[in-house]
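# Structure at a glance
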Amino acid sequence: MCLHKIFYTLPQNANQMSVGLFFNKNALNISVEGFYKKMRNLLEYRSPVDQNANLSNIENIIAQNGIGEAYGLETQISHESRIFKTNVSYALSWNNRKFEQLNNGEWFPFIYDRRHNLSVLTTVVLNNNYSLNSNFILASGSPITLPEAFVRSDDFFYQYLVYGKINNRRLPVYHRLDISIEKTWTSVKNRKKHLVLNIYNVYAQKNPVTIYYDTRTGKTYKKTLFTIIPSLSYEVEF
C-alpha cells in the first residue's frame, strides 16, 4: 500500500491600485499611469540542495507562501492623421519576489522584471490600397541566474557550480524592428481582402533567450532562437 503526502497551499491572491492622467485633443492622445500590485501566497520552483534530494516530495520542489510586488509608471502618446499614425509607449517598472526558503529570505527580481520597455508603432498610408507599418521594440534584458564559481578536483570526478543570489545577472538589452506592407482592396463580391508581407526582425538582431555556462570550456554562451523571419498572409472578410 502506497501513501502519498497531501500537499496543501493557500490560493494566490493580489491587490492592485493605479492612478492616471489622460489628455485628448484633436488627434493627439497622451496618458500617464502609475500602478502598484501586492501579491501573496506565491509559489516558485526551487533547485534541489543536492543530487540525492527526494524529488518525489513536492515540498522539495516548490517554495510556498511567497510575497511579491510590482510597481511602475506607464506612458503612452498616440497621434493619428489621414496618412500617418503613430503610437509610442514606455514603461518603467519593477517586479520582485520574496520566499523564506529561497535566496536567504531576501528579495530578488522576478523573470518579468524588465526595467525599461519602449515600443514605437507607426503606419504610413501610401494610397487607397497600400500602407506601410513598422514596430520597434527596445527593452531591458530579463533577469537570469548564472553561477559565480566552478569547483573541480584534480581527478575531475568531483565538480560543481557555485551559485549566489537568484537572478543575479541580466540578458543583454532586447531590441528588434518589424516592418510590413499591406495591400487592402474590395473584390467584385464586395468582400474586403488583405495581403500582408511581414518581415520580423529586419536587421536580424540575435537577441539571446538564455545564457549558460559550459564547464568544459569555462566560458558562457548565448542561445538565440530566431533572427529575421519573413512571412506572407492573405485574409478575406466575409
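What comes next is a walk through the structure. These figures come from a predicted structure and were not determined experimentally. (Residues numbered from 1 in each chain as written. Predicted model: local features only at pLDDT ≥ 70, side-chain atom pairs only at ≥ 80, totals over all residues. Heavy atoms only, no water.)

### What to know about the overall build of the chain
Scanning the chain from N- to C-terminus turns up zero helices and 16 strands. Against the 2.2 N^0.38 benchmark of 18 Å for 238 residues, the chain shows a C-alpha radius of gyration of 25 Å, more extended than a compact globule. The buried share among the 238 residues of the chain stands at 24%. A sequence separation of at least 24 residues applies to 57% of the contacts in the chain between residues at least 6 apart. (Helix = DSSP H or I, 4+ residues; strand = E, 2+ residues; numbered from the N terminus. Rg over C-alpha atoms; globule rule 2.2 N^0.38 Å. Buried < 20%, exposed > 50% of the residue type's maximum accessible area, 1.4 Å probe, protein only. Contact = heavy atoms within 4.5 Å.)

### Here's the deal with the pattern of salt bridges
Pairing is possible between side chains of opposite charge, provided their charged atoms come close. Summed over the entire model, instances satisfying the criterion amount to five salt bridges. Put simply, K85 and E80 hold a salt bridge, and the shortest N to O gap is 3.8 Å. Given the relative accessible area of 36%, K85 is considered partly exposed. Measuring nitrogen to oxygen at the nearest pair gives 3.0 Å for the salt bridge that ties D113 to R115. With a relative accessible area of 1%, D113 lands in the buried category. Each of the salt bridges in this network shares a partner with another, and the network as a whole consists of D113, R115 and R170. (Salt bridge = Lys/Arg side-chain N within 4 Å of Asp/Glu carboxyl O.)

### What about the environment of N129?
By secondary structure assignment, the location of N129 is in the loop between β6 (116–125) and β7 (130–139). C-alpha of N129 to C-alpha of R82: the two residues are 47 residues apart in sequence and 14 Å apart in space. In this structure, N129 is in contact with E182, K183, T184 and W185, ignoring residues within four places of it in sequence.

### Thoughts on the packing of aromatic side chains
Taken as a whole and judged by the stated rule, the model has seven aromatic pairs. Each ring, one from Y71 and one from W94, has its centre 5.3 Å from the other, and the planes form 15 degrees; the classification is stacked. Pair noted here: Y71 is in strand β3 (residues 62–80) and W94 is in strand β4 (residues 84–98), with a separation of 23 residues, a long-range link. Take W94: its relative accessible area is 28%, and that puts it in the partly exposed class. Judged by centre distance (6.4 Å) and plane angle (40 degrees), the rings of W185 and Y234 are tilted. Of this pair, W185 sits in strand β12 (residues 174–186) while Y234 sits in strand β16 (residues 229–236), and the two are 49 residues apart along the sequence. Of the aromatic side chains, those joined through ring pairs into one cluster are Y36, Y71 and W94. Seen from the ring of F110, R97 lies directly overhead, with NZ or CZ sitting 3.9 Å from the centre. (Phe/Tyr/Trp six-rings, centres within 6.5 Å; stacked < 30°, edge-to-face > 60°. Lys NZ or Arg CZ within 6 Å of the ring centre and 35° of its normal.)

### Digging into the nonpolar core
Within soluble globular proteins, side chains that are nonpolar tend to cluster in buried spots. Judged by nonpolar contacts, M39, L42, A63, A70, F99, L102 and F108 together constitute the single largest core of seven residues. Sorting the residues of this core by element identifies β2 (28–45) and β3 as the ones contributing at least two each. Setting aside its immediate chain neighbours within four residues, M39 contacts N13, A14, G66, I67, G68, E69, A70, N95 and R97. (Core = buried A, V, L, I, M, F, W, Y, C linked by side-chain atoms within 4.5 Å.)

### What about a nonpolar patch on the surface?
Nonpolar side chains collect at one region of the surface, where I83, F84, V124, L126, Y130, L132, I181, L195, L197, L232 and Y234 lie side by side and expose about 950 Å² of accessible area between them. Sorting the residues of the nonpolar patch by element identifies β7, β13 (192–200) and β16 as the ones contributing at least two each. Checked against the element boundaries, I83 lands in the loop between β3 and β4. Taking relative accessible area as the criterion, I83 reaches 43% and is therefore assigned partly exposed. (Patch = residues over 30% accessible without salt bridge, like charges linked within 9 Å, V, L, I, M, F, W, Y side chains within 5 Å. Areas by Shrake-Rupley, 256 points an atom, 1.4 Å probe, with all protein chains shown as cover.)

### A closer look at the pairing of strand β15 (residues 219–224)
Sheet topology note: the strand β14 (residues 208–214)/β15 ladder contains six bridges and is antiparallel. Its bridge partner being in β15, P208 is matched across the sheet by T224. Count of turn residues in the β14/β15 antiparallel hairpin: four residues, of which G218 carries a positive phi of about 75 degrees. (Pairing = 2+ DSSP bridges.)

### Observations concerning unusual backbone geometry
Its identity is not glycine, yet N65 carries a phi of approximately 55 degrees, on the positive side. Locating N65 in the fold gives a position in strand β3. One non-glycine residue, N201, lies in positive phi territory at about 60 degrees. Secondary-structure assignment places N201 in the loop between β13 and β14.

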